[in-house]
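Single-letter residue listing:
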Amino acid sequence: MSTVKTIYLASAMIIDIHGALLTVRKKGSRYYMMAGGKIEPGEEPIEALLRELQEELNLIVDPSEIHYLGTHQTQAVNEANTLVHATIFQLTLTPTYFIPHAELEEIKWLTYENYQQVPLAHLLEEFSIPLWLKNKKSQ
């Protein structure tokens with residue numbers, strides 16, 4: 001019997017002022033996910049998120065612009081027998097072009113028209129997409 005491990009993440013649901021949702025794809029993966037990454041020992045989730053946004057997107061954010069959304073746990077898409085437990089935040093930006101850094105291969109802004117054609121990580125699909133769609137309905 002194999003042991004299930006848990007990875008603790010800090011992730012950001014980044015939305016531009018027009019409602020598009022930023023997703024990233026790591027090298028070697030087909031799945032798009034939220035920006036963010038693993039929380040290092042001794043790090044608070046917000047600290048991990050700020051570090052990861054700078055490493056992956058070269059994005060420096062004022063912590064006061066980031067809002068806590070909640071936590072969610074689900075199956076990891078890129079690692080067998082692994083759960084991801086994420087602390088998820090929201091950030092709204094003006095539309096920006098990002099160049100992928102670190103382990104990222106691609107950055108894609110999802111729209112309400114194209115998101116169903118994109119392979120999504122479970123965390124994004126289960127937690128963020130429903131919130132994002134709810135936000136659209138309330139606009």
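Residues numbered from 1 in each chain as written. Predicted model: local features only at pLDDT ≥ 70, side-chain atom pairs only at ≥ 80, totals over all residues. Heavy atoms only, no water.

The name recorded for the protein chain in an unreviewed UniProt entry is Pyrimidine (Deoxy)nucleoside triphosphate pyrophosphohydrolase, from Myroides odoratus. According to the UniProt record, the Cofactor (unreviewed entry) comment for the protein chain is "Mg(2+)". (UniProt positions renumbered as here; feature names shortened; annotations may be inferred.)

S.K.: Describe the pattern of salt bridges, naming the residues involved and giving the relevant values.
M.R.: A full pass over the atoms with the stated rule returns seven salt bridges. Here Glu105 makes a salt bridge to Arg25, at a shortest N to O gap of 3.4 Å. Placement of Glu105 in strand S7 (residues 104-110) and of Arg25 in strand S2 (residues 21-26) is noted, with a sequence separation of 80 residues between them. Arg51 is the partner of Glu40 in a salt bridge, and the nearest nitrogen-oxygen pair spans 3.9 Å. Within this pair, whereas Glu40 is found in the loop between strand S4 (35-38) and helix H1 (45-57), its partner Arg51 is found in helix H1, the two being separated by 11 residues in sequence. (Salt bridge = Lys/Arg side-chain N within 4 Å of Asp/Glu carboxyl O. Helix = DSSP H or I, 4+ residues; strand = E, 2+ residues; numbered from the N terminus.)

S.K.: Lay out the UniProt feature "transmembrane region" (unreviewed entry) in the protein chain in plain terms, naming residues and giving numbers.
M.R.: In the numbering adopted here, UniProt assigns the feature "transmembrane region" (unreviewed entry) to residues 6-24. With 0% helix and 79% strand, residues 6-24 has end C-alpha atoms that lie 21 Å from one another.

S.K.: An account of the packing of aromatic side chains is requested, with residue identities and associated values reported.
M.R.: In the structure shown here, the tally under the stated rule is four aromatic pairs. Between Tyr68 and Phe89 the ring centres are 5.9 Å apart and the planes differ by 70°, which places this aromatic pair in the edge-to-face class. Linking Tyr68 in strand S5 (residues 67-75) with Phe89 in strand S6 (residues 82-93), this pair joins segments that are 21 residues apart in sequence. Accessibility expressed as a relative area gives 7% for Phe89, which makes it buried. Ring geometry for Tyr115 versus Trp132: centroids 5.5 Å apart, planes at 85°, classification edge-to-face. Linking Tyr115 in the loop between S7 and helix H2 (122-137) with Trp132 in helix H2, this pair joins segments that are 17 residues apart in sequence. Site record: aromatic cluster; members linked through ring pairs are Tyr112, Tyr115 and Trp132. Stacked on the ring of Tyr31, the Lys or Arg Arg30 has its end atom at 5.1 Å from the ring centre. (Phe/Tyr/Trp six-rings, centres within 6.5 Å; stacked < 30°, edge-to-face > 60°. Buried < 20%, exposed > 50% of the residue type's maximum accessible area, 1.4 Å probe, protein only. Lys NZ or Arg CZ within 6 Å of the ring centre and 35° of its normal.)

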